[in-house]
Every structure is written in C-alpha cells, then in structure tokens.
Amino acid sequence: MNARTRRLTTAQALVRFLSAQYTERDGVRRRLIAGTWGIFGHGNVAGVGQALVEAGEDVMPFHQGRNEQSMVHAAVGYARQLNRLSAQAVTTSIGPGATNLVTGAALATINRLPVLLLPGDYFASHAPDPLLQQLEHPVEADVSVNDTLRPVSRYFDRITRPEALIPSALQAMRVLADPAETGAVTLALPQDVQAEAYDWPEEFFTERVWYVRRPAPDPVELAAAVEAIRSAGRPLIVAGGGVHHSEAEEALKALVEATGIPVASTQAGKGSLRHDHPADLGGIGHTGTAVSDDLARTADLVIGVGTRYTDFTTASGTLFQNPEVRFLNLNITGFDAHKLAARTLVCDAKSGLEKLLEALSSHRVGQEYEAEYRSGKDRWDEVVEAAYRADDENAVPTQTQVLGALDAAVGDDDVVINAAGSLPGDLHKLWRSRSPRQYHLEYGYSCMGYEIPAGIGVQQAAPGTPVWALVGDGTYLMMPTEIVTAVQEGLPVNIVLIQNHGYASIGGLSQETGGERFGTAYRFRAADGTFSGAPLPVDLAANAASLGMDVRRAKTVRELREALAAARASDRPTCVYVETDPAPTAPPAEAWWDVPVAETASRAAAVEARERYDRQVAGRRRHL
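Cut-offs applied
- Residues numbered from 1 in each chain as written.
- Predicted model: local features only at pLDDT ≥ 70, side-chain atom pairs only at ≥ 80, totals over all residues.
- Heavy atoms only, no water.
- Helix = DSSP H or I, 4+ residues; strand = E, 2+ residues; numbered from the N terminus.
- Polar contact = N/O pair within 3.5 Å; in protein donor to acceptor, adjacent residues only side chain to side chain.
- Pairing = 2+ DSSP bridges.
- Axes fitted to C-alpha atoms, helices over the stretch in contact; angles between N-to-C directions.
- Contact = heavy atoms within 4.5 Å.
- Phe/Tyr/Trp six-rings, centres within 6.5 Å; stacked < 30°, edge-to-face > 60°.
- Buried < 20%, exposed > 50% of the residue type's maximum accessible area, 1.4 Å probe, protein only.
- Lys NZ or Arg CZ within 6 Å of the ring centre and 35° of its normal.
- 1 Å grid on protein atoms, 1.4 Å probe; cavity = no way out; pocket = protein on both sides within 12 Å on 5 of 7 lines; lining within 4 Å.
- Points joined across faces, edges and corners; volume = space filled by probe spheres on them.
- Nonpolar A, V, L, I, M, F, W, Y, C, P; charged D, E, K, R; others polar.
- Salt bridge = Lys/Arg side-chain N within 4 Å of Asp/Glu carboxyl O.
- Disulfide = S-S within 2.5 Å.

S.K.: Mind showing me how you'd approach the side chain of Gln460 here?
M.R.: Of note, Gln460 is situated in helix 18 (residues 451-461). Within the structure, the side chain of Gln460 is placed 3.3 Å from the side chain of His63, a separation counted as a polar contact.

Encoded structure:
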C-alpha cells in the first residue's frame, strides 16, 4: 500500500466512507449516516458484518434488529425526527432478509424520508450458481430478489465490482441529502464483492459535507403568488410535512399572524402551528375538522405548503368546491408543486414563506373572514372537549377518552406516534399538537407495524424525550418484535396498546361500503362459519411482558390516567394495556373518501352502499 491508497474490502471501504459523510443546514452539521441496523446471514455476515466489527462502534454505531422491515421503520422514525438531516443504514442478508425491506422502502420513499438499504446479493462472479435463496430467472441472469427494491427506491445500484462503489456511493449520498429527491436508497451488494479487496484512493475517505439547500423562490413566480394572495377573499393554507422538514414553523406563524390567513394541516403537517393558535384549524380532508373542511369548500385560493395532496387531503377530489377556486403550491419539488394545475413556488418552505411575508407587507384578510374561522375553531374545540370528556372515572374508556387521558399526561415535547387503524382519523380530528414534532403520523403508506420500531428510532434521535407508540391489537400483532430491541438498548419507549378485538377501522369501512364487516373481527367462528363468536382469548399484555416490557393494565378511565402517568415517569420500556368500549365516540367524517363499491350486488347492504357512493362521486372535480 502506498500513501495515496488504502487496501480494504468493499464492505470495509463502504463503512469507512459512510462514517465521513455529513449534512449541513443553517450552520448545523450532522452525520448523514449516524448508525447501521442489521440482521446477519450468508449474504452479509462476512462482508458488511465483518466490516462493522473491524470499524468499531466509534466509527459506525450498530443496532441489532429483529425484523428487516421494522429496522427500516426505526431508521425512518429517526430521520423524520431529525428533519431528514441525518439518516441510518440497514444491512440484510440475501433472500427473505432483503425482500423484507420492500415495505419499509416504499414507506420511506412515499413519505420522502431518507434511509440507506444495503441488502446482500448473489455472487457477482456466478461461481456458485444457483446459491441458497437465489432467484433464478430463465432469460435475465442478472435479476435478483433485490430488484423488487427498484420501484420503491429513489436510487438503486448493484455493486458488481469494488471500484464501482465509488461513483455509486457518492450518488447515494447526494440523493439522501437532497430534500427534493430523498427517499429509500439501495446499494445491492453481491456477497463476493463485499469481501473482495481493492486499493482505494484515500480521497474516498476524506470528510465530505453535503449542504442541504434552501432554494429561494423565482422572482416571477413570487410576484404571481403575491398577486394571487392579495386578490383572494377566502385564502386557506394547507400545511404539509414539508413545513416540518424545512423547520419552517416559525416562518409560517409569522406569515399567518401578519396576514390572518388560516391554516389547515395534513396528517404530516399537523403541528405546524400550535393547536391553540387562533389561525390553526386542525386537520383537513376526510379526517379533518368541520371548520377546516367548511372553509376548504368555500376557499377561493388554496395555498399548499409542502404537501403532496393525497386523496385523504382532497377528499378524493370532492373537497374544494368553490367554482372560482385556484391553487398556489409552495414545494421543494416541481412534481408536487404542479399538482391541481396550481401556480407554483418551487423553493424551500422556510425561504418561500419568508419571501411571501416580505412581499405581502400590510396585506390582511377581511375581518369577517377571520371572525368566521375563529368562531368555527371555537365550536370544534367544544367537539374535542366532548370527545375527551369522561364523566365516569370508573367506566371502561372509549378510544377518544384514551386520547383525552393521554393528552392530559403528555408534556409539550412528548412525541406521539401512529400509522394505521382507526386511530389516525381520531388523532387528526382531535389531537391538540403543542410542538412541531409531537404529532408523528405515518400516513403516506399507513403501514401497520410502523409505530413500535419508529418509536425506537425517535428515541435514538431525541434521547430523553418521552415517546408514545399508539397501537391497536391488529397493528400490535403485525410487528411487536422490536420491543426486544427497546429492552436490550434500554430505550424507554411507551406503548399504548388498545384492545378492540379486530380491525376496527377496516370494519367500519367495510360496513360503510357494503362489506358487512366481513373478516374484520378477531373472534371464534360461529355456527354459520362467520367470525362472529366469542372474542379470542389472546392476552397481548402478557405477550408484551414476555418480550421484556413493564406492563400496566388499565380497566377504567381512572386506572388509565394512573398507568399513563407511571409510564411517563418510568425509565424502562412500558406498555399501557387498555380494553376500550367499542361504542364509537369520535365525530363522524366531515368529508368523503373514495373507496369503490360493487356496481352490482344481490345483498341489500351493498346495494344501499352503491347508492350512497353514486351520490358522493358526483361531486368530484377535476381542477384544471
């Protein structure tokens, strides 16, 4: 070896390279890849596994996972908590270890959150062929199971020679650090190449800083945006996740306080303003508040900030009903900014909001409009109070009373995590967000099983912050395995486990769409063959305890309040288990969501559901 090269295996070189990568935004520097999750097998144990041992914890911290999908969820939770400025890597063997990454990769890419995936792959040399777990394709010999990661990755490469790592690793870092391109990045690593030595140029291992840009709006676009806002009588801001990623909350607050424009939030954007700010109207869309959705129907200008406009936000194209409505979208990506035929401000959220504030000097919405939305906000606050209220402290709590008890237990900086089931709708309507990162809903992919591992990632990113993973019984059964990791690492994640004996959310949707709750209850089979017998004798609290958690069972509202307080004060992973009253207490949906219903059927439930569907779908608009 001479002074200008270093002889290492490909895996050793990759680990060293990753340890020297940093992001910097607003003068704050962070490691781009702060640690690596891994489960080892014959596709990575002698390559990346050996390289991690060789490097040591100081160079690359290692986290031991129990399920490959949940390792990605943990990494995503980590990246989201740190506003996409730091990420983690995930290494797996070939075969099922690699394909288990696909769901997590899809979640990361859909939510625009960075994670680096390092799955093992077949031998590049094809010397042992076929090897254990190899997919054999009859006409494409270079295909492996890792190709399933291509459509869900923002960047993908298979490193078939050591020297090919250099340009590919640099591209991978570029994508991970770029807020307009980020998502899952996959470097598939053939296992023989991982262990192959090469003389690497020393420059490959020098410290590299990836500056996270804050592009300003184009002057022409800015002028058009300002004119649109000044001429609008009923403007409404829709705050998306991009507000948080850009740390633009204060800029949004300043704009709102200067102009009086109200703010409704998507699932990802909730918390952009504190819940008690006069202009914060809560969630928007199918799971939105009455005041947000009423204003959306009459808005003449909808200003999207960092939002993707999913069907939940637009009520499947039925929400924005003003014949004169137009859209102005401020987004870091042109792809999202151009949705709904909008005027565009393609820029960083914080930079764009600050420029709008400067250009809108002395502009303010009418007093009648402000009075209207503030009155609507007050009425909705009464709805929240009623849903949270428990008149009998000794009664079995409803699900909304569980949220009320949690609301009373958490501090301003606690983080509440959820992703799927009936809870996202209740939380979007009812939760009172007190800080930018308190409300952590993964609703781009709404992935059951996300909450517990994401809680671990958030706890790693924000040590000392109380973290709450809210799960129903259906979600818990999908992926409880990372409880073991939380116990092993001493991470005091709190799980609120709500037992309602089945898929409550899908059960309600099934009933609404004519499916008659088929296959959604966790019960024994009855004599007629349906799952309508007694509840299954499954003790999920005992299961959590068997995995190492402290468990507190709560049968009443009073016991629930005591259990939540004890969990928050504990320094150990704690599960609060509560069986809820199944009676629905959440306010009904304020806007529609399109789930197609059978066009022809013999059963009365489906026929009636189709009639309702035809009435609703008639309200859909194409915004051109």
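S.K.: Explanation requested: the sheet that holds strand 2 (residues 21-25) in the structure shown.
M.R.: Paired through backbone hydrogen bonds, the strands of a sheet run either parallel or antiparallel to each other. Read from one edge to the other, the open sheet built from three strands follows the order 3-2-11, with strand pairing classed as mixed. Either end of the sheet is taken by a strand with one partner, and the two such strands are strand 3 (28-31) and strand 11 (208-211). The mean angle between the axes of side-by-side strands here comes to 30°, regardless of whether they run parallel or antiparallel. Relative to strand 11, strand 2 runs parallel, the two sharing four bridges. Bridging across to strand 11, Gln21 finds its partner in Arg208. Each of strand 2 and strand 11 touches helix 6 (residues 165-177); the most contacted strand, strand 11, lies at about 35° to it.

S.K.: Could you clarify how one ought to interpret the packing of aromatic side chains in this entry?
M.R.: Two aromatic rings are characterised by how far apart their centres lie and by the angle between their planes. This structure, assessed with the given rule, holds 11 aromatic pairs. With 5.7 Å between their ring centres and 15° between their planes, Trp200 and Phe204 make a pair best called stacked. The same class applies to Trp200 and to Phe204, which are both buried. Connected via pairs of aromatic rings, a cluster forms that spans Phe17, Tyr198, Trp200, Phe204 and Phe205. Seen from the ring of Tyr439, Lys270 lies directly overhead, with NZ or CZ sitting 5.5 Å from the centre. For Arg553, the ring lying beneath its charged end belongs to Tyr577, and the centroid distance is 5.7 Å.

S.K.: Help me understand helix 1 (residues 10-19), please; the structure alone is not making it clear to me.
M.R.: Residue pairs spaced three or four apart in an α-helix point in one direction, given the helix's 3.6 residues per turn. With nine of 10 residues buried, helix 1 is to be regarded as a mostly interior element. Three or more residues of helix 1 are buried, namely Thr10, Ala11, Gln12, Ala13, Leu14, Val15, Phe17, Leu18 and Ser19.

S.K.: Any chance you could explain empty space enclosed by the protein here in plain terms?
M.R.: A water-sized probe, rolled over the atoms, reveals where empty space remains. Taken as a whole and assessed by the stated rule, the structure comprises one cavity of 30 Å³ or more. The calculated volume of the largest cavity comes to roughly 50 Å³. Lining the largest cavity are Ile94, Gly95, Gly120, Asp121, Tyr122, Gln133, Gln134, Leu135, Ser144, Val145 and Asn146. Of the residues that constitute the lining of the largest cavity, the class distribution is four nonpolar, six polar and one charged.

S.K.: Teacher, can you tell me more about the environment of Arg621 here?
M.R.: Of note, Arg621 is situated in the segment after helix 24 (604-617). With 304 residues separating them in the primary sequence, Arg621 and Gly317 have C-alpha atoms 5.6 Å apart. Residues contacting Arg621, with those up to four places away along its chain left out, are Gly317, Phe320, Gln321, Asn322, Pro323 and Val325.

S.K.: Teacher, can you tell me more about the environment of Gln88 here?
M.R.: Looking at the secondary structure, you find Gln88 in strand 6 (residues 87-92). A residue is classified by how much of its surface remains accessible, and Gln88, at 2% relative accessible area, is buried. Residues Gln88 and Val576, spaced 488 residues apart in sequence, show a C-alpha to C-alpha distance of 29 Å. Residues contacting Gln88, with those up to four places away along its chain left out, are Ile33, Gly35, Trp37, His63, Ala74, Ala75, Tyr78, Val115, Leu116 and Gln460. There is a polar contact of 3.1 Å between the side chain of Gln88 and the side chain of Gln460.

S.K.: Would you explain unusual backbone geometry in this entry?
M.R.: Glycine aside, negative phi is the norm for most residues, and most peptide bonds take the trans geometry. The linkage connecting Asp129 with the following residue, Pro130, adopts the cis geometry, with an omega of 0°. When you line up the elements, Pro130 lands in the loop between strand 7 (115-121) and strand 8 (155-158). At Ser362, a residue that is not glycine, the phi angle is positive and equals roughly 75°. Examined against the element boundaries, Ser362 turns out to sit in the loop between helix 14 (349-359) and helix 15 (367-388). On the basis of relative accessibility, which here comes to 75%, the residue Ser362 falls in the exposed class.

S.K.: Honestly, the pattern of salt bridges in this entry has me stumped. Any pointers?
M.R.: If charged atoms from side chains of opposite charge come close, those side chains can pair. Tallying each qualifying case throughout the model produces 35 salt bridges. Note that Arg161 is salt-bridged to Glu196, the shortest N-O span being 2.9 Å. Within this pair, whereas Arg161 is found in the loop between strand 8 and helix 6, its partner Glu196 is found in the loop between helix 7 (191-195) and strand 10 (197-201), the two being separated by 35 residues in sequence. A residue is classified by how much of its surface remains accessible, and Glu196, at 29% relative accessible area, is partly exposed.

S.K.: How do you make sense of the pairing of strand 16 (residues 326-331) when you look at a structure like this?
M.R.: Consecutive side chains along a regular strand alternate between the two faces of the sheet. With five of six residues buried, strand 16 lies mostly within the body of the structure. The pairing of strand 16 with strand 17 (residues 343-346) spans four bridges and is classified as parallel. Bridged to Asn331 within strand 17 is Val346.

S.K.: Explain the state of the cysteines to me, please; I cannot follow it from the model alone.
M.R.: Covalently bonding the sulfur atom of one cysteine to the sulfur atom of another cysteine gives a disulfide. In the structure shown here, the tally under the stated rule is zero disulfides. This cysteine, Cys447, is not joined by any disulfide, and Cys575 carries the nearest cysteine sulfur, 20 Å off.

S.K.: Just checking my understanding: could you explain the side chain of Gln69 for this structure?
M.R.: When you line up the elements, Gln69 lands in helix 3 (residues 68-81). Overall, the relative accessible area of 13% leaves Gln69 in the buried class. Ignoring sequence-local partners within four residues, the contact set of Gln69 consists of Asn100, Thr103, Gly104, Cys447, Met448 and Met479.

S.K.: Would you mind showing me how to read the sheet that holds strand 17 here?
M.R.: Within the open sheet, the six strands sit side by side as 14-13-12-15-16-17. Their pairing is parallel. Only two strands of the sheet have a single partner each, and these edge strands are strand 14 (280-283) and strand 17. Between one strand axis and the next, the sheet turns through 20° on average, direction left out of account. Alignment of strand 12 (residues 235-239) against strand 15 (residues 301-305), held across five bridges, turns out to be parallel. In the sheet register, Ala239 faces strand 15, and the bridge partner there is Val305.

All we've got here are geometric facts, nothing functional implied.
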